[in-house]
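Fold and geometry: a report
The chain contents come next:
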Amino acid sequence: MHAKNYTIRTMTREDVDLAVEWTAQEGWNPGLHDAESYYAVDSNGFLIGLLGDEPIATISVVKYGDAFGFLGFYIVKPGHRGNGYGKRIWDAGLRYLEGRTIGLDGVLAQQENYKRSGFSFAYRNVRYEGCGGGRAPQHAGLVDLASVPMDAVESYERPFFPAERSYFTRSWIAQPGANALGILRDGKLVGYGVMRPCRSGSKIGPLYADSPELAETLFLALKAEAPAADRVYLDVPEVNRAAVALARRHDMQAMFETARMYKGEAPVIDLERLFGVASFEIG
């Protein structure tokens, strides 16, 4: 079909399910219920490219606050690659986020293309794979995150992300099948983590903590909720050496990496206390 029949429009909620399915086909192992949380962030920030009536390209370009955006879901369907369809939806996405600092997690094959569009490398995120099960640690401060006031959870997250995203956080924690745990010290939140079911096994993310010891307590408590036969994944900022050490100490193997890149000035986030990324697709 001729390229003039190629159109780009905003996704419907059902289209986001298709985009998530494509990430699964690419081997990115999405969460079973991620789409609802993603769409909650910015329902206008998901674009789909169609050749006639056939969906052949996707991109997400969600807006956070007034000055930040995150790009993900950049996929062109196999068989249609190399024909310029990806570039057109890419350009449409960047126009939607014009004037904002933009973040993304880029796979190795695309990083040079991203640089040509003005993105600069910040650091690597590495996906580690291990097994579930194990003994949950006994820690007096461990609590179900649902018992913590949501404003305290949102306030705790602020140093780890460049913009306010309370609606996403609320949706993410409340996903069906998710386990969300926090640690309180003197009534104050000093760390929290979320584990959600994925196409394969479960992912822990985000994982935030005020110390490596607290991060390990949360990690072990969450991991213990997964069957021993299941795989558990943790996406770690490589610059956080304590996070890398945590993954390796528990016999997790590096299996995949991305480059966190930014177009515009790289935001300042607290990487020393960030032990697990929420999502490569949406930040």
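Residues numbered from 1 in each chain as written. Predicted model: local features only at pLDDT ≥ 70, side-chain atom pairs only at ≥ 80, totals over all residues. Heavy atoms only, no water.

If you check an unreviewed UniProt entry, the protein appears there as N-acetyltransferase from Methylogaea oryzae.

**Examining the overall build of the protein**
Where we set the bar: Secondary structure elements follow DSSP: runs of H or I no shorter than four residues count as helices, runs of E no shorter than two count as strands, and numbering proceeds from the N terminus. C-alpha atoms define the radius of gyration in this analysis, and the globule rule sets the expected value at 2.2 Å times the number of residues to the power 0.38. Buried, partly exposed and exposed residues are distinguished by accessible area as a fraction of the type maximum, computed with a 1.4 Å probe on protein chains only: under 20%, between the cut-offs, and over 50%, respectively. Pairs of residues are marked as contacts when any of their non-hydrogen atoms sit within 4.5 Å. Note on areas: these come from Shrake-Rupley sampling with a 1.4 Å probe, and a residue is covered only by the protein chains present in the view.
Within the protein, the regular secondary structure consists of eight helices and 13 strands. Relative to the compact-globule value of 19 Å for 283 residues, the protein shows a C-alpha radius of gyration of 19 Å, a close match. Projected onto its principal axes, the C-alpha positions of the protein cover 65 × 40 × 30 Å. Across the 283 residues of the protein, 52% fall into the buried class. Here the analysis covers contacts within the protein between residues at least 6 apart in sequence; of these, 74% occur between residues at least 24 apart. For the protein, the exposed surface amounts to about 12500 Å²; the carbon and sulfur share of it is 48%.

**Thoughts on helix α3 (residues 85–96)**
Given 3.6 residues per turn, any residue in an α-helix points the same way as the ones three and four places further on. We apply this condition: Expected span of a helix: the number of residues minus one, times 1.5 Å.
Under the 1.5 Å per step criterion, the end-to-end length of α3 is 17 Å for 12 residues, consistent within 8% with the ideal 16 Å. The set of residues buried in α3 consists of Tyr85, Gly86, Ile89, Trp90, Ala92, Gly93 and Leu94.

**Notes on the packing of helix α2 (residues 34–41) against helix α6 (residues 166–173)**
Convention followed: Note on geometry: axes are lines fitted to C-alpha atoms, helical ones only across the stretch in contact, with angles between N-to-C directions running from 0 to 180 degrees. In these notes the angle categories are as follows: under 35 degrees is roughly parallel, over 145 is roughly antiparallel, 65 to 115 is roughly perpendicular, and the rest is oblique. Crossing handedness follows the turn of the near helix against the far one: under a right angle anticlockwise gives a left-handed crossing, and clockwise gives a right-handed one. When residues are sorted by character, Ala, Val, Leu, Ile, Met, Phe, Trp, Tyr, Cys and Pro go into the nonpolar class, Asp, Glu, Lys and Arg into the charged class, and all the rest, Gly among them, into the polar class.
α6 packs onto α2 with a crossing angle of 170 degrees between their chain directions and a minimal axis gap of 8 Å. One finds that α2 runs roughly antiparallel with respect to α6. For α2 against α6, the interelement crossing comes out right-handed. Between α2, through Asp34, Glu36, Ser37, Tyr38, Ala40 and Val41, and α6, the contact on the second element is made entirely by Tyr167, Phe168, Ser171 and Trp172. Taken together, the residues that form the contact of α2 with α6 break down as six nonpolar, two polar and two charged.

**Structural notes on the side chain of Arg100**
Selection rule: The charged-residue count follows a simple rule in which Lys and Arg add positive charge and Asp and Glu add negative charge, with His and chain termini not counted at all. By salt bridge we mean one thing: a side-chain nitrogen of Lys or Arg within 4 Å of a carboxyl oxygen of Asp or Glu. We call two N or O atoms a polar contact when they sit within 3.5 Å, provided that within protein one can donate a hydrogen and the other can accept it, with sequence-adjacent residues counted only if both atoms are side-chain atoms.
Here Arg100 is to be found in the loop between α3 and β5 (101–106). Despite its burial, Arg100 pairs with no opposite charge; the closest candidate is Asp66, at 5.2 Å N-O. A polar atom in the side chain of Arg100 sits 3.3 Å from the backbone oxygen of Tyr64. Of the polar contacts made by the side chain of Arg100, one reaches the backbone oxygen of Gly65; its length is 3.0 Å.

**So, the environment of Cys131**
Relative to the helices and strands, Cys131 is located in strand β6 (residues 119–131). On the accessibility criterion, Cys131 (37% relative accessible area) is partly exposed. For Cys131 and Lys4, which are 127 residues apart along the polypeptide, the C-alpha to C-alpha distance reads 49 Å. In this view, Cys131 contacts Lys223, Ala228, Asp230, Arg231 and Val232; residues no more than four positions away in its chain are not counted.

**Side note on the pairing of strand β12 (residues 253–263)**
Using the following cut-off: A strand pair is defined by DSSP finding two or more bridges across the two strands.
Two strands pair when backbone bridges link them, and β5 and β12 are joined in this way by five bridges, in the antiparallel orientation. Among the inter-strand pairings, Ile102 is bridged to a residue of β12, identified as Lys263. Where β6 meets β12, 10 bridges bridge the pair, whose relative direction is antiparallel. Bridge assignment links Tyr123 to a residue of β12, and that residue is Arg260.

**Some points on the UniProt feature "domain: N-acetyltransferase" (unreviewed entry) in the protein**
For clarity, the cut-off: UniProt positions are given in the numbering used here, feature names are shortened, and annotations may be inferred rather than shown by experiment.
Look at the UniProt record and you will see "domain: N-acetyltransferase" (unreviewed entry) annotated at residues 6–134 and 140–276. The span residues 6–134 is 30% helical and 39% strand by assignment, and the distance between its end C-alpha atoms comes to 51 Å. Taken end to end, residues 140–276 has its terminal C-alpha atoms 23 Å apart, with 27% of it in helix and 36% in strand.

**Description of the pattern of salt bridges**
Inspection of the entire model under this criterion finds 19 salt bridges. Between Glu129 and Arg231 there is a salt bridge, with its nearest N and O atoms 3.3 Å apart. One end of the pair, Glu129, is in strand β6; the other, Arg231, is in strand β11 (residues 231–237), with 102 residues separating them in the sequence. Of the residues examined, Glu129 reaches a relative accessible area of 21% and is grouped as partly exposed. With a relative accessible area of 34%, Arg231 lands in the partly exposed category. Arg165 is paired through a salt bridge with Glu157; the nearest N and O atoms lie 3.2 Å apart. Since its relative accessible area comes to 5%, Glu157 is described here as buried. One salt-bridge network, in which partners are shared between bridges, spans Arg13, Asp17 and Glu36.

**Section: the packing of aromatic side chains**
Where two aromatic rings form a pair, the distance of their centres and the angle of their planes describe that pair. We count it as follows: Only rings of Phe, Tyr and Trp enter the pairing, Trp through its six-membered ring, and a pair is recorded when the two centres are within 6.5 Å. The plane angle decides the type: under 30 degrees is stacked, over 60 is edge-to-face, the rest tilted. In this scheme, the term charge over a ring applies when either NZ of a lysine or CZ of an arginine sits within 6 Å of the ring centre and within 35 degrees of the ring normal.
Under the definition given, this model contains 19 aromatic pairs. Taking 6.3 Å as the distance between ring centres and 40 degrees as the angle between the ring planes, the aromatic pair formed by Phe256 and Phe280 counts as tilted. Linking Phe256 in strand β12 with Phe280 in the segment after β13 (274–276), this pair joins segments that are 24 residues apart in sequence. On the accessibility criterion, Phe280 (7% relative accessible area) is buried. Aromatic ring contacts, followed pair by pair, group Tyr38, Tyr39, Phe46, Phe73, Phe168 and Trp172 into a single cluster. For the cation-ring pair, Lys63 lies above Tyr96, with the distance from its terminal atom to the ring centre recorded as 4.1 Å. The ring of Phe161 carries the charged tip of Arg165 above its face, separated from the ring centre by 3.8 Å.

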